[in-house]
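# A look at the structure
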There are 2 protein chains.
Amino acid sequence: MGTATHRDEAEAHLRAAGLKVTVQRLAVLDAVAGAGHLDADAVHARVVRELPGTSLQSVYNVLGALTEAGLLRRIEPAGSAGLYERRIGDNHHHVVCTRCHAVADVDCVVGEPPCLVPSDTGGFAIHTAEVTFWGLCADCQREVTG
Amino acid sequence: MGTATHRDEAEAHLRAAGLKVTVQRLAVLDAVAGAGHLDADAVHARVVRELPGTSLQSVYNVLGALTEAGLLRRIEPAGSAGLYERRIGDNHHHVVCTRCHAVADVDCVVGEPPCLVPSDTGGFAIHTAEVTFWGLCADCQREVTG
DNA sequence: CAGTTGTTTTGAATGACTCAAAACAACTCG
DNA sequence: CGAGTTGTTTTGAGTCATTCAAAACAACTG
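The rules behind these values
Residues numbered from 1 in each chain as written. Chains lettered and ligands numbered in written order. Predicted model: local features only at pLDDT ≥ 70, side-chain atom pairs only at ≥ 80, totals over all residues. Heavy atoms only, no water. Near = heavy atom within 4 Å. Polar contact = N/O pair within 3.5 Å; in protein donor to acceptor, adjacent residues only side chain to side chain. Helix = DSSP H or I, 4+ residues; strand = E, 2+ residues; numbered from the N terminus. Nonpolar A, V, L, I, M, F, W, Y, C, P; charged D, E, K, R; others polar. Salt bridge = Lys/Arg side-chain N within 4 Å of Asp/Glu carboxyl O. Buried < 20%, exposed > 50% of the residue type's maximum accessible area, 1.4 Å probe, protein only. Arc of directions from axis to C-beta. Contact = heavy atoms within 4.5 Å. Disulfide = S-S within 2.5 Å.

### A few points about the protein's contact with DNA strand C
Inspection of the region around DNA strand C gives 20 residues, with A:Q57, A:G82, B:T22, B:R25 and B:S58 positioned closest. Take the atoms of DNA strand C that sit within 4 Å of the protein: sugar and phosphate atoms are 69% of them. Contact between DNA strand C and A:R15: a phosphate oxygen at 3.1 Å from a side-chain N or O atom of the residue. A:R74 places a side-chain nitrogen or oxygen 3.3 Å from a phosphate oxygen of DNA strand C. Of all elements in the fold, only α4 (56-68) of chain A together with α2 (23-33) and α4 (56-68) of chain B reach the threshold of two or more residues within the surface near DNA strand C. It is α4(B) that provides the largest number of residues to the surface near DNA strand C, a total of four residues. A per-class count over the surface near DNA strand C returns five nonpolar, ten polar and five charged.

Dropping the structure here:
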């Protein structure tokens, strides 16, 4: 079923990246796929549910390896621990709640890429533009105004 | 002279923010004004030069207070410690070198503000857009290609 | 100049993450 | 399919940036 297919795809991705296929890696991939924007601790909590005994250190190792291999993307909004998401190749952006630190994806910015060309690069050879929006998530808006 | 005027302005700013004027705060303000994008340790190093005995903890306290008061701006690019700059009210952006972590200001983005309106905010009430560009600084370009 | 309040210092603690060595599991090849 | 090699996970300890708390102290108030 869906799950089995996911696993197979995950395996293929790991092999393609030259990484050995281990239960820990599959579990981490699963955990991150099942919920966006998790920190190492949250991933660990989920992994342990189906793979008790997995160490937090291993989760760090796996997250590091998968990120380096391009199977995961790591973001690090100011004030939050590193957060991992299953990256879809698109370079989407993020909104972070200034009150509760919830994170959501923002599909893209209106003006399209040209927007993200800085006017004066100060001699830097730029290869990526990262946009982070800050605001209040729906829940926090309610709690603040309510 | 210039320095004296700076001090006077700094004092005025502190008072306006309802903060007591202390030598440590003036020194920190000076240190950050004299060089952009310093982390707490770097600020401390500079402050200690003219005010020996100042503790790192005090520098943290001062940086926190000044940031909260809006006299400094704090940024935290992924992989770097918190960096402080004298904020000029404009919401400018930053370029970070992926090799040596050098940071430079980027005055603004070409397409102007409309650019930074996300297409779908996912229910968030957004109040700030922060753009971080990643690339190689001039020095690192030289070292890599040279 | 004395009192009050906010600030700095000292000392310790936390959280997120990294390092290193030993135990172990995946893939390879005969 | 079984041994070897190499990469992975575990265990245990360490680091760095930052924060917490209480005591010593300095700025503003009157």
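### Let's talk about the pattern of salt bridges
Residue and element names in this part refer to chain A. This model, assessed by the stated rule, comprises 14 salt bridges over all chains. The partner of R15 in a salt bridge is E11, with the nearest N and O atoms 2.8 Å apart. Of this pair, R15 and E11 are both found in helix α1 (residues 2-16), four residues apart, which corresponds to roughly one turn of the helix. Where E143 meets R99, a salt bridge forms, and the shortest distance between an N and an O atom there is 3.6 Å. One end of the pair, E143, is in helix α5 (residues 138-145); the other, R99, is in the loop between β4 (93-97) and β5 (103-106), with 44 residues separating them in the sequence. We classify E143 as exposed; its relative accessible area is 57%. On the basis of relative accessible area, R99 is assigned to the partly exposed category, the value being 43%. Connected through salt bridges with shared partners, the residues R7, D30 and E50 form a single ionic network.

### Overview of helix α3 (residues 40-50) of chain B
Residues and elements named next belong to chain B. Three or more residues of α3 are buried, namely A40, V43, H44 and V47. Down the axis of α3, the buried set is contained in an arc of 100°. They therefore lie on one face. Of the surrounding elements, those touching the buried residues of α3 are α2, β1 (38-39) and α4.

### Re the protein's contact with DNA strand D
In the region of DNA strand D, 20 residues are neighbours, and A:T22, A:R25, A:S58, B:Q57 and B:G82 sit closest. Counting only the atoms of DNA strand D that lie within 4 Å of the protein, the sugar and phosphate share comes to 68%. In the environment of DNA strand D, a phosphate oxygen lies 3.2 Å from a nitrogen or oxygen atom belonging to the side chain of A:S55. Contact distances for DNA strand D include 3.2 Å between a phosphate oxygen and a side-chain N or O atom of B:R74. Counting only elements with at least two residues in the surface near DNA strand D, the list comes to α2 (23-33) and α4 of chain A together with α4 of chain B. The element that contributes the greatest number of residues to the surface near DNA strand D is α4(A), accounting for four residues. For the surface near DNA strand D, the per-class residue count stands at five nonpolar, ten polar and five charged.

### Thoughts on the state of the cysteines
Applying the stated criterion across every chain yields a total of zero disulfides over all chains. This cysteine, A:C137, is not joined by any disulfide, and A:C100 carries the nearest cysteine sulfur, 3.7 Å off. Since its relative accessible area comes to 7%, A:C137 is described here as buried. The closest cysteine sulfur to the non-disulfide-bonded B:C140 is located on B:C137, 3.7 Å from its own sulfur.

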